[in-house]
Amino acid sequence: MKNRKLLMIPGPVEFTPEVLRAMGMPTTSHVAPNFIEVFGQALERLRQVFLCSNGQPFILSGTGTLAMDTAAANLVEPGDHALVVNTGYFSDRFASILERYGAQVTQVGAPVVGDAPSVESVEAALKAGSYKLVTLTHVDTSTAVGISGLAGLAALARQAGALVLVDGVCSVAGEELRMDEWGVDLALTASQKAIGVPPGLALVMAGPRAMEAFRRRRSPVGSYYSDWSYWLPVMQAYEARKPSYFGTPPVNLIWALNVSLGQILEEGMDARFARHRKLSQALKAAVHALGLAQVPVRADVTAATLTAPYYPGGVDASLLSHIGAAGVIVAGGLHPQIKDRYFRVGHMGAVTPSDILTTVGAIEQGLARAGYRFELGSGLAAAQRTLAA
Ligand code: PMP
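Remember, it's a predicted structure, so these values are computed and weren't measured experimentally. (Residues numbered from 1 in each chain as written. Predicted model: local features only at pLDDT ≥ 70, side-chain atom pairs only at ≥ 80, totals over all residues. Heavy atoms only, no water.)

## What about the pairing of strand S4 (residues 104–108)?
Step number 1: Direction of pairing for strand S3 (residues 81–85) relative to S4: parallel, over a ladder of five bridges. By the bridge assignment for S4, valine 84 is matched with glutamine 107.
Step number 2: Running through helix H4 (residues 89–100), the crossover from S3 to the neighbouring parallel element S4 is right-handed. (Pairing = 2+ DSSP bridges. Helix = DSSP H or I, 4+ residues; strand = E, 2+ residues; numbered from the N terminus. Right-handed = clockwise from strand over helix to strand, strands pointing away.)

## Looking at the sheet that holds strand S14 (residues 343–346)
Step number 1: Pairing in this open sheet of three strands is antiparallel, and the strands run S11-S14-S13 from one edge to the other. The two strands at the open ends of the sheet, each matched to only one other strand, are strand S11 (306–307) and strand S13 (331–332).

## Here's the deal with the sheet that holds strand S9 (residues 186–190)
Pairing between sheet strands relies on hydrogen bonds along the backbone, with the strands arranged either parallel or antiparallel.
Step number 1: Taken in spatial order, the seven strands line up as S2-S10-S9-S8-S5-S3-S4 in an open sheet, and their pairing is mixed. Each edge of the sheet is formed by a strand with only one pairing partner; in this case those strands are strand S2 (56–61) and S4. Strand-to-strand twist across the sheet, computed as the mean angle between neighbouring axes with direction ignored, equals 20°.
Step number 2: Bridging between strand S5 (residues 133–137) and strand S8 (residues 163–167) involves five bridges; their strand directions are parallel. (Axes fitted to C-alpha atoms, helices over the stretch in contact; angles between N-to-C directions.)

## Thoughts on the site of the ligand
Step number 1: The environment of the ligand is made up of 14 residues, and the closest members are Thr63, Thr65, Thr141, Asp167 and Lys193.
Step number 2: One nitrogen or oxygen atom from the side chain of threonine 65 is found 2.6 Å from an oxygen atom belonging to the ligand.
Step number 3: Taking 390 Å² as the accessible area of the ligand by itself, protein coverage stands at 87%.
Step number 4: Structurally, the ligand is housed in the second largest pocket.
Step number 5: Mapped by element, the contributors of at least two residues to the shell around the ligand are helix H3 (64–75) and H4.
Step number 6: With three residues, H3 is the largest single contributor of residues to the shell around the ligand.
Step number 7: In the shell around the ligand, the residues fall into five nonpolar, six polar and three charged. (Near = heavy atom within 4 Å. Polar contact = N/O pair within 3.5 Å; in protein donor to acceptor, adjacent residues only side chain to side chain. Areas by Shrake-Rupley, 256 points an atom, 1.4 Å probe, with all protein chains shown as cover. 1 Å grid on protein atoms, 1.4 Å probe; cavity = no way out; pocket = protein on both sides within 12 Å on 5 of 7 lines; lining within 4 Å. Sits in = over half its atoms within 2 Å of the grid points. Nonpolar A, V, L, I, M, F, W, Y, C, P; charged D, E, K, R; others polar.)

## Topic: the nonpolar core
Step number 1: Ranked by size, the top nonpolar core spans 108 residues in total, and within it Ile59, Leu75, Leu98, Val184 and Leu186 carry the most contacts.
Step number 2: Tyr311, Ile323, Leu367 and Leu387 belong to the second largest nonpolar core, which has 26 residues in total. (Core = buried A, V, L, I, M, F, W, Y, C linked by side-chain atoms within 4.5 Å. Buried < 20%, exposed > 50% of the residue type's maximum accessible area, 1.4 Å probe, protein only.)

## Points about the layout of surface pockets
Step number 1: Its boundaries defined by the atoms lining it, the largest pocket holds a volume of some 390 Å³.
Step number 2: Lining the largest pocket are 22 residues, and of these Glu175, Ala299, Thr302, Ala303 and Ala304 sit closest to its centre.
Step number 3: Here the lining of the largest pocket takes five residues from helix H11 (residues 269–289), the largest share from any one element.
Step number 4: Split into classes, the residues belonging to the lining of the largest pocket amount to eight nonpolar, eight polar and six charged.
Step number 5: As a volume, the second largest pocket reaches approximately 210 Å³.
Step number 6: Considering the residues around the second largest pocket, the lining is formed by 18 residues, among which Phe90, Thr141, Val169, Gln192 and Lys193 are closest to the centre.
Step number 7: At the level of elements, H3 and H4 are the ones that each hand at least two residues to the lining of the second largest pocket.
Step number 8: When residues in the lining of the second largest pocket are grouped by element, the largest group, three residues, is from H3. (Points joined across faces, edges and corners; volume = space filled by probe spheres on them.)

Structure follows, in structure tokens:
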């Protein structure tokens, strides 16, 4: 019997065999000609994945939080005003990071957990103040709330003269994000989600306006490691296929990144966004058919990269181990206000229709073991109908 379970949490996710093979290769020197080529290619491919033709990519050893930290460290000067469009736990984190670098942070929040702030409330906040930057969490992984009107909010923020920063940790390469077209000045992510590479890379794409704001800084960057003054020449050198050094790059992770980016671009960004949407709809249809409510309060605040169902009446977090016993790992709740009332299923990266069906099957088995009464197979049937449509 296979004893490996299917990993369906919102990162890390299941990785392709090609990506995992790159992780296991003999490590080369970070200035070996073949690695320089791989690093250079990965930087070029990132522009295509972020749909940001003139962006400056940064590939750093670290996690998504480092990517957020880097963005704040390089763009915030003490006293700058920032507006955080808050959709949950990770928006709170962005606010804390901005404050750490001296920003005066104003937040515009959602009326309830599971909702996103209205366009009108963001517009009103933009009118009431003057902000150097606005942050948006494209998909808040704690609530599965996705901002579907991101392009419109970005346009409003830009009209108000602010830089638009997007936390795309749970979105880039899964949820539709078009930096050029939507006027996003900086987007960031981490390797372990829709990018499809084991944890360990912080990825930042800074557009021309963000780089200009960085160049115009008057005060030094408050973090030594994050300072783009050190990393920019390194990224530029590798892209020009020249050796460079500031901190030793994570050679195998970058090798794996380049493999994954190649696979992403081979699929094509439009096809990839569509696949994520369809698989997400199939899982959400199954959850609905099983009689489980979801944290996002409406379809227009629903992410394509994860699903957050509430436990049904009489069922608690022990459901997770029942689902695990049926072969699929899902994640518990994260938002402090509702943590014990819901669970999360990630579906991003190399996820397939059969992964969705396996997951729905395991959720049904888990619910049955937890004593929940429902018609076995009703979730699977709903998922199948969506997948076949
Ligand atoms: N932002 C979002 C939206 C996230 O989902 C996460 C991780 N779940 C982070 C930031 C932080 O990323 P990391 O855990 O890699 O530091």
